[in-house]
Amino acid sequence: MNEFHIYSPEEQLHDPLFTEKKVNVFLKRDDMIHPFISGNKWRKLKYNIHEAQSLGKDHLVTFGGVWSNHLLATACAAAKFGFKSTAFVRGEDINSDVLVLCRLFGMKLIFTDRSTYREKRALFDKYFADDPQAIFIDEGGAGQNAVQGCAEIITELSRPYDHVICAAGTGATFAGLLHGMEISGVDTRCHCVPVLKGADFLKNDIHAYFNTPPSQYEFHENYSFGGYAKTTDELLRFIGDFSSRTGILLDPVYTGKMMYALYDMIRNDHFPAGSSILALHTGGLFGLLGMKEQIALALKGN
Ligand SMILES: *Cc1c(COP(=O)(O)O)cnc(C)c1O
């Protein structure tokens, strides 16, 4: 077994709604890949780490916000695979739970105001132009390496599904799913749930990874709950309800919105009876800890 071996089973979920609508719903447990290099962040880092190793680099440099699952994944992966790590962190110095863990994994944090942060290449060059050991990894790990890694979500599946659904931030993971469909030649319909408001630009970002833009997918834009990292009591109560009935946690930023969307679409007969549906648990549960107060209020009485 090599260090890149992972465990991500496809588990069937049971719910009276699924029985009533005659659909079979499965959850691919990428959240089980690793507690800190979680979900799609593992997928997105895998080939970046291969590349860094093959180029003989010893220092991963990347970017993210104070609650970034990607920063935590990079910090832990760097420690595990023998790299140093540095992160440019967007905004002021806030000691979030995620950043505490990043520090424990030895990541060096450089807090950067929002306008400077936008010029990522310039930032990298300013600090690391003279360091041949440093390698640039984009925010969220996005890029061709990420798409290659996420394609394996599809190529490693144990059986075909009629539908696959996942949450999208940058869309790199979703592009990876579409790429995996191309490689494996299966006829699965892909469903994208953007977690940002007005995410039409995402389509262009996804298409940019392809010579011929794929068309066999659906975009479901009505589940952003007001925008990135925005939430509502209704969403938090849905997450609490799902978690209490399945023993599986969802985060309010990504997987909670995706799962809410899936339940809503099933309720509205979006999927024909007999459909098999695979939802992707992209991991990243520490986002929950950024909303402790709201969760306590929304679940008051539980
Ligand atoms: C980062 C993240 C995403 C978004 O992935 P993209 O490739 O940027 O679309 C989805 N889910 C979780 C849990 C994440 O941490």
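Since the structure is predicted, the reported quantities are computational estimates derived from the model, not experimental observations.

About the thresholds
- Residues numbered from 1 in each chain as written.
- Predicted model: local features only at pLDDT ≥ 70, side-chain atom pairs only at ≥ 80, totals over all residues.
- Heavy atoms only, no water.
- 1 Å grid on protein atoms, 1.4 Å probe; cavity = no way out; pocket = protein on both sides within 12 Å on 5 of 7 lines; lining within 4 Å.
- Points joined across faces, edges and corners; volume = space filled by probe spheres on them.
- Nonpolar A, V, L, I, M, F, W, Y, C, P; charged D, E, K, R; others polar.
- Near = heavy atom within 4 Å.
- Polar contact = N/O pair within 3.5 Å; in protein donor to acceptor, adjacent residues only side chain to side chain.
- Areas by Shrake-Rupley, 256 points an atom, 1.4 Å probe, with all protein chains shown as cover.
- Sits in = over half its atoms within 2 Å of the grid points.
- Helix = DSSP H or I, 4+ residues; strand = E, 2+ residues; numbered from the N terminus.
- Pairing = 2+ DSSP bridges.
- Axes fitted to C-alpha atoms, helices over the stretch in contact; angles between N-to-C directions.
- Expected span 1.5 Å × (residues − 1).
- Buried < 20%, exposed > 50% of the residue type's maximum accessible area, 1.4 Å probe, protein only.
- Contact = heavy atoms within 4.5 Å.
- Core = buried A, V, L, I, M, F, W, Y, C linked by side-chain atoms within 4.5 Å.

**Some details on empty space enclosed by the protein**
For step 1, the next point in the chain: Considering all chains together, one arrives at one cavity of 30 Å³ or more under this definition.
For step 2, the next point in the chain: Forming the walls of the largest cavity are Pro35, Phe36, Ser38, Lys41, Asn69, Leu72, Gly284 and Phe286.
For step 3, the next point in the chain: Split into classes, the residues belonging to the lining of the largest cavity amount to four nonpolar, three polar and one charged.

**Examining the site of the ligand**
For step 1, the next point in the chain: Within the structure, the ligand sits among 13 residues, and Lys41, Asn69, Thr170, Thr173 and Thr282 are positioned closest to it.
For step 2, the next point in the chain: The contact in question runs from an oxygen atom of the ligand to an N or O atom on the side chain of Lys44, over 2.8 Å.
For step 3, the next point in the chain: Taking Asn69, its side chain carries an N or O atom lying 2.7 Å from an oxygen atom of the ligand.
For step 4, the next point in the chain: If the ligand stood free it would expose 380 Å²; the protein chains cover 97% of that surface.
For step 5, the next point in the chain: If you map the ligand onto the pockets, it falls in the largest pocket.
For step 6, the next point in the chain: For the shell around the ligand, the element with the highest residue contribution is helix 2 (residues 39-54), accounting for three residues.

**Looking at the sheet that holds strand 9 (residues 217-219)**
The strands making up a sheet associate through hydrogen bonds between their backbones, and the pairing can be parallel or antiparallel.
For step 1, the next point in the chain: The mixed open sheet is built from six strands, whose spatial order is 1-2-10-7-8-9. Each edge of the open sheet is held by one strand with a lone partner, namely strand 1 (10-13) and strand 9. Adjacent strand axes in the sheet meet at a mean angle of 25°, parallel and antiparallel pairs treated alike.
For step 2, the next point in the chain: Two strands pair when backbone bridges link them, and strand 7 (residues 163-168) and strand 8 (residues 189-194) are joined in this way by six bridges, in the parallel orientation. Note that in strand 8 the partner of His163 across the bridge is Arg189.

**A word on helix 7 (residues 144-155)**
For step 1, the next point in the chain: The end-to-end C-alpha separation of helix 7 is 17 Å, in line with the 16 Å expected for 12 residues at 1.5 Å each.
For step 2, the next point in the chain: Extensive coverage of helix 7 is indicated by the burial of nine of its 12 residues.
For step 3, the next point in the chain: For helix 7, the complete set of buried residues consists of Asn145, Ala146, Val147, Gly149, Cys150, Ala151, Glu152, Ile153 and Ile154.
For step 4, the next point in the chain: Residues of helix 7 that are buried make contact with strand 2 (24-29), helix 2, strand 7, helix 8 (172-184) and strand 10 (276-281).

**Examining the layout of surface pockets**
For step 1, the next point in the chain: If you add up the space inside the largest pocket, you get close to 1200 Å³.
For step 2, the next point in the chain: In terms of lining residues, the largest pocket is bounded by 44 residues, among which Arg90, Glu139, Tyr228, Val253 and Tyr254 are the most central.
For step 3, the next point in the chain: At the level of elements, helix 2, strand 3 (59-64), helix 3 (69-81), strand 7, helix 8 and helix 9 (201-207) are the ones that each hand at least two residues to the lining of the largest pocket.
For step 4, the next point in the chain: Looking at the lining of the largest pocket residue by residue, the classes come out as 17 nonpolar, 18 polar and nine charged.

**Describing the nonpolar core**
For step 1, the next point in the chain: Met259, Leu262 and Ile266 are the most contacted members of the largest nonpolar core, which has 36 residues in total.
For step 2, the next point in the chain: Elements with a minimum of two residues in this core: helix 1 (16-21), strand 2, strand 7, helix 10 (233-246), helix 11 (255-267), strand 10 and helix 12 (292-298).
For step 3, the next point in the chain: Looking at this core element by element, the count peaks at eight residues for helix 11.
For step 4, the next point in the chain: With residues near it in sequence (within four places) discarded, Leu262 still touches Val25, Ile165, Phe271, Ile277 and Ala279.
For step 5, the next point in the chain: Membership of the second largest hydrophobic core comes to 25 residues, among which are Val164, Cys166, Ile206 and Tyr217.

**Here we look at the pairing of strand 3**
Side chains on a regular strand alternate between the two faces of the sheet.
For step 1, the next point in the chain: Within strand 3, six of the six residues are buried, which leaves the element mostly enclosed by the surrounding structure.
For step 2, the next point in the chain: Side chains His59, Val61 and Phe63 of strand 3 all project onto a buried face; the interleaved residues Leu60, Thr62 and Gly64 project onto the opposite face, where all are buried too.
For step 3, the next point in the chain: Judged from the six bridges that link them, strand 3 and strand 4 (residues 84-90) form a sheet pairing that is parallel. In the sheet register, Gly64 faces strand 4, and the bridge partner there is Val89.
For step 4, the next point in the chain: Inspection of the sheet shows strand 3 paired to strand 6 (residues 134-136) by three bridges, in the parallel sense. Across the sheet, residue Leu60 finds its bridge partner in strand 6, namely Ile135.

**Quick notes on the environment of Pro252**
For step 1, the next point in the chain: Structurally, the position occupied by Pro252 is in the loop between helix 10 and helix 11.
For step 2, the next point in the chain: According to the relative accessible area criterion, Pro252 is buried, its value standing at 0%.
For step 3, the next point in the chain: Taking the C-alpha atoms as reference points, Pro252 and Val195, 57 residues apart in sequence, are found 9.8 Å from one another.
For step 4, the next point in the chain: Pro252 has contacts with Thr231, Leu235, Leu236, Ile239, Lys257, Gly287, Leu288 and Met291, leaving out every residue within four places of it along the chain.

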